[in-house]
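Chain by chain, the residues run as shown.
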Amino acid sequence: MDPQSCAPGLVDAVIVFTLCEGLLLTWWHYRTGRGVAPSQFLANLVSGLCLMLALRSALAHGAGAVMLLWVMAAGLAHGVDLWRRWRRENAA
């Protein structure tokens, strides 16, 4: 079995796990009022998911433009996350 042929499936599994983690954290916060608020982790989660989708695109021999779009989306989400943290830090 070629290890490279397994790689897209492994990335898919990590993507599914990450989505489930985000949903579970969100559910827990709204159910109990405890834990991390979705507004505090969502941009970071989206950034990571976009990077995983870029990797998935590269491993599946996707077009370079598709991979570039995912990387750009990750950068945008990361920028939003940093901006929100910076704004929150300056408000304190």
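In what follows, the structure referred to is the one given above.
Residues numbered from 1 in each chain as written. Predicted model: local features only at pLDDT ≥ 70, side-chain atom pairs only at ≥ 80, totals over all residues. Heavy atoms only, no water.

A. Representation of helix α2 (residues 38-59). The first and last C-alpha atoms of α2 sit 30 Å apart over 22 residues, in line with the 32 Å expected at 1.5 Å per residue. The positive-phi residue at the C-terminal boundary of α2 is histidine 61, with phi of around 60°. (Helix = DSSP H or I, 4+ residues; strand = E, 2+ residues; numbered from the N terminus. Expected span 1.5 Å × (residues − 1).)

B. Structural detail: a nonpolar patch on the surface. Side chains of Leu24, Trp27 and Trp28 sit close together on the surface and give an oily, nonpolar patch of about 340 Å² of accessible area. Mapped onto the fold, leucine 24 is located in helix α1 (residues 3-32). (Patch = residues over 30% accessible without salt bridge, like charges linked within 9 Å, V, L, I, M, F, W, Y side chains within 5 Å. Areas by Shrake-Rupley, 256 points an atom, 1.4 Å probe, with all protein chains shown as cover. Salt bridge = Lys/Arg side-chain N within 4 Å of Asp/Glu carboxyl O.)

C. Molecular detail of the pattern of salt bridges. Here the structure, examined in full by the defined rule, presents 2 salt bridges. Of the charged contacts in the structure, one is a salt bridge between arginine 56 and aspartate 12, with a shortest N-O distance of 2.6 Å. One end of the pair, arginine 56, is in helix α2; the other, aspartate 12, is in helix α1, and 44 residues separate them in sequence. With a closest N to O distance of 3.1 Å, aspartate 81 and arginine 85 form a salt bridge. Taken together, the residues span about one helical turn, with aspartate 81 and arginine 85 both in helix α3 (residues 64-91) at a distance of 4 residues. With a relative accessible area of 9%, aspartate 81 lands in the buried category. Exposure remark for arginine 85: the relative accessible area of 39% places this residue in the partly exposed category. (Buried < 20%, exposed > 50% of the residue type's maximum accessible area, 1.4 Å probe, protein only.)

D. Structural detail: α3. In this model, α3 (28 residues) spans 41 Å end to end at C-alpha, consistent with the 40 Å of a helix rising 1.5 Å per residue. Those residues of α3 that sit buried are Ala74, Ala77 and Asp81.

E. Quick look at the nonpolar core. Ala7, Val11, Ile15, Phe41, Leu45, Leu49, Met52 and Leu59 form the largest nonpolar core, which has 8 residues in total. If you list the elements that add at least two residues to this core, you get α1 and α2. The residues touching isoleucine 15, leaving out its near neighbours within four places in the chain, are Leu49, Met52 and Leu53. (Core = buried A, V, L, I, M, F, W, Y, C linked by side-chain atoms within 4.5 Å. Contact = heavy atoms within 4.5 Å.)

F. Representation of the environment of serine 57 in the model. Its place among the elements puts serine 57 in helix α2. On the basis of relative accessible area, serine 57 is assigned to the buried category, the value being 10%. Among all residues touching serine 57, those that are not within four sequence positions of it are Gly62, Ala63, Val66 and Met67.

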